[in-house]
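Letter by letter, the chains look like this.
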Amino acid sequence: MKIADLHSWRLSPTAAVSLQRDLAQRLVDKVPLDLRQVRQVAGVDVSVRGGLSRAAVVVMRLPRLEIIETARAVEATRSAYMPGLLAFREGPVALAALRQLNSEPDVFLFDGMGQIHPRRMGIAAHLGLWLGRPTIGCGKSHYIGDYQPPADLKGARSRLVYRGEELGVVLRTRAKVKPIYVSVGHLADMETAVELVLRCTTRFRLPEPIRAAHKAAALSPR
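Enquirer: Teacher, can you tell me more about the environment of H7 here?
Expert: Looking at the element boundaries, H7 is found in the segment before α1 (13-24). Counting along the chain gives 72 residues from H7 to S79, while the straight-line C-alpha distance between them is 17 Å. What H7 contacts, discounting residues up to four positions off in sequence, is L19, L23, F88, H126 and W130. Side-chain polar atoms of H7 contact the side chain of W130, separated by 3.3 Å.

Here is the structure:
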């Protein structure tokens, strides 16, 4: 698939933070998804182990969530993890996998944050600008922001607020199981992003495209 080339990934932490602030001004996050037209959803995940990073993209067809394509890429891990700069570690290998796709997914779900980020530039937001397609972040752990725990029912949600701004929602995808942290990356809005995540979630905590990408990206221990 066609992907933009927006910037170099080899930046100092200071330059990377400055770039995130600039790129955040380009995000579009108030555009409802037309869920009637969403036919293909891709899950994106990256696994890092022993100096290697493997990315996987799994494309599924709605509503049955059938796998129609899987793409992978492996690279040497570029840098140590730095809080707030995950995209600079995992973005290049994720893009390498995404460039191998023959499909044209309507929406991309990332195992990671969208705009739940100090500068609104989690990996789903950052790569959304490269893709020029709707992206949604599905984080597994609390990162920033305050919220009230949602009710113990599937579909229950609560607002996640950081410095007075609502950046995402805490969503219960399965009753009495830990919630996930959903936020718009680019070219979507929260209401339809949450609805799509729920449509892609079956009996497990994570949406099926992300679960499949996680399995496909797994690196065996040496």
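Enquirer: Would you mind showing me how to read the packing of aromatic side chains here?
Expert: Two aromatic rings, taken as a pair, are described by how far apart their centres are and by the angle between their planes. All told, the structure shown has three aromatic pairs when counted by the stated rule. Each ring, one from W9 and one from F88, has its centre 5.4 Å from the other, and the planes form 75°; the classification is edge-to-face. Residue W9 is located in the segment before α1, and its partner F88 is located in helix α2 (residues 86-98); the two are separated by 79 residues in the primary sequence. For W9, a relative accessible area of 12% gives the class buried. When the ring of W9 is compared with that of W130, the centres are 5.2 Å apart and the planes differ by 20°; the resulting orientation is stacked. With W9 in the segment before α1 and W130 in helix α3 (residues 123-131), this pair connects stretches of sequence that are 121 residues apart.

Enquirer: Could you clarify how one ought to interpret the pattern of salt bridges in this entry?
Expert: A pair can form between side chains of opposite charge whenever their charged atoms are brought close. With the rule as written, the count across this model stands at 12 salt bridges. A salt bridge links K30 to D29; the nearest nitrogen and oxygen atoms lie 3.3 Å apart. Since its relative accessible area comes to 68%, K30 is described here as exposed. Taking the shortest distance from any N to any O, the salt bridge between R120 and E165 comes out at 2.6 Å. Taken together, the residues R120 in the loop between β4 (107-110) and α3 and E165 in strand β7 (residues 165-171) connect sequence positions 45 residues apart. A relative accessible area of 21% places R120 in the partly exposed class. Connected through shared salt-bridge partners, D29, K30, R120 and E165 make up one network.

Enquirer: Explain helix α5 (residues 208-217) here, please?
Expert: Structural remark: α-helix, 3.6 residues per turn; residues separated by three or four positions point the same way. Counting buried positions along α5 yields eight of 10 residues, so the element is predominantly enclosed. Within the sequence span of α5, burial applies to E208, P209, I210, R211, A212, A213, A216 and A217. Residues of α5 that are buried in the fold lie against β1 (40-49), β2 (52-61), β3 (66-76), β4 and β5 (135-139).

Enquirer: What should I look at first to understand the side chain of R211 in this one?
Expert: When you line up the elements, R211 lands in helix α5. Of note is the side chain of R211, whose polar atom sits 3.1 Å from the side chain of E208. Those residues in contact with R211 that sit more than four places away from it in its chain are F204 and L206.

Enquirer: What am I meant to see in the packing of α2 against α3 here?
Expert: Relative orientation and spacing of two packed helices are given, respectively, by the angle between their axes and the distance between those axes. The geometry of α2 relative to α3 is characterised by a closest axis approach of 10 Å and an angle of 40° between their N-to-C directions. One finds that α2 runs oblique with respect to α3. Crossing of α2 over α3 shows right-handed handedness. Across the interface between the two elements, A87, F88, E90, G91, A94, L95 and L98 from α2 touch I123, H126, L127, W130 and L131 from α3.

Enquirer: Explanation requested: the pairing of strand β6 (residues 157-162) in the structure shown.
Expert: Regular strands place their side chains on alternate faces of the sheet. Bridge count between β6 and β7: six bridges; the pairing is antiparallel. From the neighbouring strand, R159 faces β7, where its bridge partner is V169. Counted along the chain from β6 to the antiparallel partner β7, the turn is two residues long, and its residue R163 has a positive phi close to 50°.

Rules used throughout
Residues numbered from 1 in each chain as written. Predicted model: local features only at pLDDT ≥ 70, side-chain atom pairs only at ≥ 80, totals over all residues. Heavy atoms only, no water. Helix = DSSP H or I, 4+ residues; strand = E, 2+ residues; numbered from the N terminus. Contact = heavy atoms within 4.5 Å. Polar contact = N/O pair within 3.5 Å; in protein donor to acceptor, adjacent residues only side chain to side chain. Phe/Tyr/Trp six-rings, centres within 6.5 Å; stacked < 30°, edge-to-face > 60°. Buried < 20%, exposed > 50% of the residue type's maximum accessible area, 1.4 Å probe, protein only. Salt bridge = Lys/Arg side-chain N within 4 Å of Asp/Glu carboxyl O. Axes fitted to C-alpha atoms, helices over the stretch in contact; angles between N-to-C directions. Parallel < 35°, antiparallel > 145°, perpendicular 65-115°, else oblique. Left-handed = near helix turned anticlockwise from the far one by under 90°. Pairing = 2+ DSSP bridges.

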